[in-house]
Amino acid sequence: MASSLLEVDRWLANERLVRVSALLGAVAIAFSSILVRLSHASPSTAAIFRCAFALPILGALAWLDDRRFGARSWSDRRVAIGAGVFFAADLILWHHSIDDVGAGLATVLANIQVVIVPLVAWAVLSERPSRRVLAALPIALFGVLLISGVLEQHGAYGRAPGRGAAFGLAAGIAYVGFLLLLRRSSTDLRRVAGPLFEATATATVVAIVAGVIIGDADLAPGWPGVGWLIVLALTSQVIGWLLITTSLPRLPAAITSLTLTVQPVGSVALAVLILSEAPTALQLVGVAIVLAAVITATAPGARALPEQVLRLRPENRRRAGAVIGSDVPVSAAHDDHG
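Residues numbered from 1 in each chain as written. Predicted model: local features only at pLDDT ≥ 70, side-chain atom pairs only at ≥ 80, totals over all residues. Heavy atoms only, no water.

## Regarding the overall build of the protein chain
Then step 1. The number of helices and strands found in the protein chain is 16 helices and 0 strands.
Then step 2. Going through the 338 residues of the protein chain one by one, you find that 56% of them count as buried.
Then step 3. Approximately 13,600 Å² of the protein chain is accessible, and the part contributed by carbon and sulfur atoms is 66%. (Helix = DSSP H or I, 4+ residues; strand = E, 2+ residues; numbered from the N terminus. Buried < 20%, exposed > 50% of the residue type's maximum accessible area, 1.4 Å probe, protein only. Areas by Shrake-Rupley, 256 points an atom, 1.4 Å probe, with all protein chains shown as cover.)

Given below as structure tokens:
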């Protein structure tokens, strides 16, 4: 095991391999909304099993981290549990958005959290965001308006695009809470699996309870739906998240900003190719506007949220890292989505 851990350390020291890993992670997460649609699972059911099927692997990796670096403190674990509550809310809301406005557009909508995160940090830490972040917010909201179909009398893509946009915005806000708490619980950047395992386990329980209350939870989904949910858990919740959370903190801000756009653009393209989704011209303009806002907010030179969040814990101030964007964590927004 020691030799395999040494190989991982060598891999993390190679910037070219780290860049490839970040890209592969973003591509893996781009399939999240597509797999949710292919499973035909209800919003709560998809949330439950995306998390539940990922637990065995994440648990094993967390155990290895504990053996290598020692047990995590209860205070860090408690914060990760809180992150899981927000993550369950994010997934359920996002899956409702997917049902209403389509897999591609819902993923773009969820990425607005990149603009919202610094605003929340402003409210919590009394630290004013950069001008580019403030400028990006109205741009992003205008893009959301176009995606919602409000400006189109008829023909906007989606079963209920306006409602889908509302769900997407709500998912983005819930994701902000998840990212902030997950970042705060991850004070040791060498340990990615532990915080993610605790948050995922909590999200599983919360999604089950929420699904029972809402009435859409199916705790025994059939095939082939369950097969798609297994693929969703392994690719997005395990592989995608681990690749991104280990690679983005080690890359320049310009690369993380560019990587942020891979997931929403990839999701829109995949939704068109695989699911035959057909957003209108105005909705596609909205997509471009939202992505422009994301790039503006996360461009090199923007204030890094990881530093802001870690100031809540001064003893860890020097351990700044990155979280992800949408299904995703990323440094500039700090961070996956959904």
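Now, onward.
## What to know about the environment of Gly25
Then step 1. Structurally, Gly25 is set in helix H2 (residues 15-30).
Then step 2. When neighbours within four sequence positions are excluded, Gly25 is seen to be in contact with Gly240, Leu243 and Ile244. (Contact = heavy atoms within 4.5 Å.)

## What to know about the confidence of the model for the protein chain
Then step 1. Mean pLDDT over the protein chain works out to 78, with 77% of the residues at or above the 70 mark.
Then step 2. Averaged pLDDT values for the elements of the protein chain fall to 39 in helix H16 (residues 305-310) and rise to 95 in helix H4 (residues 43-52).
Then step 3. In this model, residues 1-5 is a region of pLDDT below 50 whose contacts with residues beyond four sequence positions or in other chains number 2 contacts.
Then step 4. Contacts of residues 302-336 to residues separated by more than four positions or lying in other chains number 148 contacts, the stretch itself having pLDDT below 50. (pLDDT = per-residue confidence, 0-100.)

## A word on helix H6 (residues 74-101)
Then step 1. Over its 28 residues, H6 runs 40 Å from end to end, which matches the ideal 40 Å to within 8%, given 1.5 Å per residue.
Then step 2. Gly102 lies just past H6 and shows a positive phi near 100 degrees. (Expected span 1.5 Å × (residues − 1).)

## Remarks on the pattern of salt bridges
Then step 1. Under the definition given, this model contains 6 salt bridges.
Then step 2. Measuring nitrogen to oxygen at the nearest pair gives 3.2 Å for the salt bridge that ties Asp100 to Arg159. Taken together, the residues span a long stretch of sequence, with Asp100 in helix H6 and Arg159 in the loop between helix H9 (131-148) and helix H10 (161-185) at a distance of 59 residues.
Then step 3. Where Arg163 meets Asp100, a salt bridge forms, and the shortest distance between an N and an O atom there is 2.8 Å. With Arg163 in helix H10 and Asp100 in helix H6, the pair connects residues that are 63 residues apart, well separated along the chain.
Then step 4. Through salt bridges with shared partners, one network takes in Asp66, Arg72, Arg77 and Glu198. (Salt bridge = Lys/Arg side-chain N within 4 Å of Asp/Glu carboxyl O.)

## With respect to H4
Then step 1. Of all the 10 residues making up H4, 9 are buried; the element is thus mostly covered by neighbouring parts of the structure.
Then step 2. Taken together, the buried positions of H4 are occupied by Pro43, Ser44, Thr45, Ala46, Ala47, Ile48, Phe49, Arg50 and Cys51.

## Some points on the packing of H6 against H10
Then step 1. Between H6 and H10, the least distance of the axes is 7 Å, while the angle of their chain directions is 165 degrees. The angle between H6 and H10 places the two elements in the roughly antiparallel class. For the pair H6 and H10, the sense of crossing is left-handed.
Then step 2. Classifying every residue of the contact of H6 with H10 by side-chain character gives 18 nonpolar, 7 polar and 5 charged. (Axes fitted to C-alpha atoms, helices over the stretch in contact; angles between N-to-C directions. Parallel < 35°, antiparallel > 145°, perpendicular 65-115°, else oblique. Left-handed = near helix turned anticlockwise from the far one by under 90°. Nonpolar A, V, L, I, M, F, W, Y, C, P; charged D, E, K, R; others polar.)

## Concerning the side chain of Ser39
Then step 1. By the element assignment, Ser39 lies in helix H3 (residues 32-39).
Then step 2. Apart from residues no more than four positions distant in its own chain, Ser39 is found in contact with Gly225, Trp228 and Leu229.

## Observations regarding the environment of Val27
Then step 1. Mapped onto the elements, Val27 comes out in helix H2.
Then step 2. Considered as a pair, Val27 and Val265 are 238 residues apart in the sequence and their alpha carbons are 9.8 Å apart.

## Remarks on the environment of Gly158
Then step 1. You can see Gly158 is positioned in the loop between H9 and H10.
Then step 2. Taking relative accessible area as the criterion, Gly158 reaches 26% and is therefore assigned partly exposed.
Then step 3. Sequence-wise, Gly158 and Leu105 are 53 residues apart; in three dimensions their C-alpha atoms are separated by 9.1 Å.

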